[in-house]
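# Inside the fold
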Amino acid sequence: MKLPVFDFHCDTAMELYADGDEANMRRLRKNSGHIDLERAGTLSGYAQCFAMFTTPSFSEVYQRPVEEVFDRALENLLKELAENKDLILPAGSASEIQENARQGKMSAILTLEGPAGIGFDPERLEGLYHQGFRISTLGWNERNVLVGSHKTGGGLTDLGKEYVRECQRLGILVDVSHISDEGFWDIMEMTEAPVVATHSNSRSVCNVSRNLTDDMYREICRTGGTAGMNLYTEFIKEEHADLDAVCDHIFHFLELDPSAEHISLGGDLDGCDKLPAGFTGVDSYAALADRLLQRGLDEKTLRNLYWNNAMGVMNRAVHINEK
């Protein structure tokens, strides 16, 4: 079934970024990765959150300051978007996504995965908001000056609390993917806005620390947020992950939240090297939709999962900002 797709998380921006001649081989319109505009164009609508991913180790990987890596990668993504404005336009709100769709265009939303590229500095957030950034994690897989990770443990620091407050003041959604359990609950104690886990699955279905416990998912629902289904096989099933295994996570979350208003897509495409059998790239979302229908999911819930829930939380974030 062909449906519009709103995907909360991909690492395509960093896949497109490379030094030297290699950059000429990685273009947004067509490439050999998981996402390109030609394949996305086979869907009946498309909104993609493009994560600008940085971690402190990038200074060694790229042999330049991580802040410079962030700036260069962002510049490259914006150049790609400008060169493909016949197909895709930037968007910073649900209304802008709707307007782009009316024009027959796809939408690109900027997000932060790991604030190392901005020096973990809350004072940088306002400038990023005006550039179009609408979602931010507080870290990746390492402990940093804001919070511990799911691998290290450790709650929010005072600077981390300041970061959360500034995000929510601006209308930037706080993304709890990758952080520690302690950090998650620290955020929930102070949040005044919807909280999202843009690319995190169910820990009850696949017991890894990157996934959400049932209580965590219920708490995200309580805030008016959403969890985006991650397609990295290690977060889906211990072995032999396929479309049915992805469906298992979705149906489990639906059992916890019968309203079906707090579950969405966050494939982690171009950020993982193993996808479930039957899923090869962004155009495979149609195959996942077919399997969900075969498993008994109704079309209204499917549309919520694929589009409406993500649009809803984007809209709620804007209203928080307006207050």
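These lines cover the structure that appears in this document, whether it is placed above or below. (Residues numbered from 1 in each chain as written. Predicted model: local features only at pLDDT ≥ 70, side-chain atom pairs only at ≥ 80, totals over all residues. Heavy atoms only, no water.)

### Quick look at the overall build of the protein
Helix and strand counts for the protein come out as 12 helices and 9 strands. Expected size for 323 residues packed as a compact globule is a radius of gyration near 20 Å; at 18 Å, the protein falls within 12% of this value. Overall, the protein is about 50 × 45 × 40 Å in size when its C-alpha atoms are taken along their principal axes. Taking all contacts inside the protein whose residues are at least 6 apart in sequence as the whole, residues at least 24 apart take part in 71%. Carbon and sulfur atoms make up 46% of the accessible area of the protein, which totals about 13100 Å². Considering the protein, the positive charge centre built from 31 side chains and the negative charge centre built from 52 side chains are found 4 Å apart. (Helix = DSSP H or I, 4+ residues; strand = E, 2+ residues; numbered from the N terminus. Rg over C-alpha atoms; globule rule 2.2 N^0.38 Å. Contact = heavy atoms within 4.5 Å. Areas by Shrake-Rupley, 256 points an atom, 1.4 Å probe, with all protein chains shown as cover. Lys, Arg positive; Asp, Glu negative; His and termini not counted. Charge placed at Lys NZ, Arg CZ, Asp CG, Glu CD.)

### Notes on helix α7 (residues 158–170)
Owing to its 3.6 residues per turn, the α-helix aligns residues three or four sequence positions apart on the same side. An ideal rise of 1.5 Å per residue puts 18 Å on 13 residues; α7 measures up with 19 Å between its terminal C-alpha atoms. Of the residues making up α7, those classed as buried are G160, Y163, V164, E166, C167, Q168 and L170. Remark: G171 follows α7 within two positions and exhibits a positive phi of approximately 100°. (Expected span 1.5 Å × (residues − 1). Buried < 20%, exposed > 50% of the residue type's maximum accessible area, 1.4 Å probe, protein only.)

### So, the pattern of salt bridges
Working definition: two side chains of opposite charge can pair if their charged atoms are close together. Using the criterion set out here, one finds 18 salt bridges in the structure. Linking E99 and R102 is a salt bridge whose minimum nitrogen-to-oxygen distance equals 3.0 Å. In this pair, E99 and R102 both sit in helix α5 (residues 94–102), 3 residues apart, roughly one turn of the helix. Since its relative accessible area comes to 61%, R102 is described here as exposed. Note that D248 and R295 form a salt bridge whose closest N and O atoms lie 2.8 Å from each other. Highlighted residues: D248 in helix α10 (residues 243–256) and R295 in the loop between α11 (285–294) and α12 (299–322), separated in sequence by 47 residues. With relative accessibility at 36%, the residue D248 sits in the partly exposed group. Assessed through its relative accessible area of 32%, R295 is described here as partly exposed. (Salt bridge = Lys/Arg side-chain N within 4 Å of Asp/Glu carboxyl O.)

### A word on the packing of helix α9 (residues 214–223) against α10
Relative orientation of the contacting elements α9 and α10 amounts to 65°, with a least axis distance of 10 Å. In this structure, α9 meets α10 at a crossing whose hand is right-handed. Contact residues: D214, Y217 and R218 in α9; H252, F253 and L256 in α10. Tallied by class, residues from the contact of α9 with α10 come to 3 nonpolar, 1 polar and 2 charged. (Axes fitted to C-alpha atoms, helices over the stretch in contact; angles between N-to-C directions. Left-handed = near helix turned anticlockwise from the far one by under 90°. Nonpolar A, V, L, I, M, F, W, Y, C, P; charged D, E, K, R; others polar.)

### As for the environment of F50
With respect to the element layout, F50 can be found in strand β2 (residues 46–53). Take F50: its relative accessible area is 0%, and that puts it in the buried class. Separated by 27 residues in the primary sequence, F50 and L77 have C-alpha atoms spaced 8.8 Å apart. In this view, F50 contacts C10, T12, A13, L28, L77, I88, A108, I109, L110 and T111; residues no more than four positions away in its chain are not counted.

### A word on the packing of α10 against α11
Helix packing for two helices is described by the angle between their axes and how far apart those axes are. Between α10 and α11, the shortest axis-to-axis distance is 10 Å and the interhelical angle comes to 65°. Considering the relative orientation of α10 and α11, their crossing is right-handed. On the side of α10, the interface is formed by L243, D244, V246, C247, I250 and F251, while α11 contributes A287, L288, R291 and L292.

### Notes on the packing of aromatic side chains
One pass over the full model with this rule turns up 12 aromatic pairs. Between F6 and W307, the aromatic rings sit 6.0 Å apart at their centres with planes inclined by 65°, giving edge-to-face as the arrangement. Of this pair, F6 sits in strand β1 (residues 5–10) while W307 sits in helix α12, and the two are 301 residues apart along the sequence. For W307, a relative accessible area of 14% translates into the label buried. Centre to centre, the rings of Y232 and F235 are 5.0 Å apart; their planes meet at 90°, and the pair counts as edge-to-face. (Phe/Tyr/Trp six-rings, centres within 6.5 Å; stacked < 30°, edge-to-face > 60°.)

### Looking at unusual backbone geometry
For F120, which is not glycine, the phi dihedral falls at a positive 55°. Position of F120 relative to the elements: it lies in the loop between β4 (106–113) and α6 (125–131). With a relative accessible area of 12%, F120 lands in the buried category. At H240, a position not held by glycine, the phi torsion is positive, near 60°. If you trace the backbone, H240 turns up in the loop between β8 (227–229) and α10. Residue classification places H240 among the exposed positions, given a relative accessible area of 65%.

### Some thoughts on the pairing of β2
A large share of β2 lies buried, amounting to 8 of its 8 residues. On β2, burial covers both faces: Y46, Q48, F50 and M52 on one face and A47, C49, A51 and F53 on the other are all buried. One ladder, built from 4 bridges, connects β1 with β2; its direction is parallel. Residue pairing in the sheet places F6 in a bridge with A47 of β2. Where β2 lies against β4, 7 bridges are found, and the strand directions are parallel. (Pairing = 2+ DSSP bridges.)

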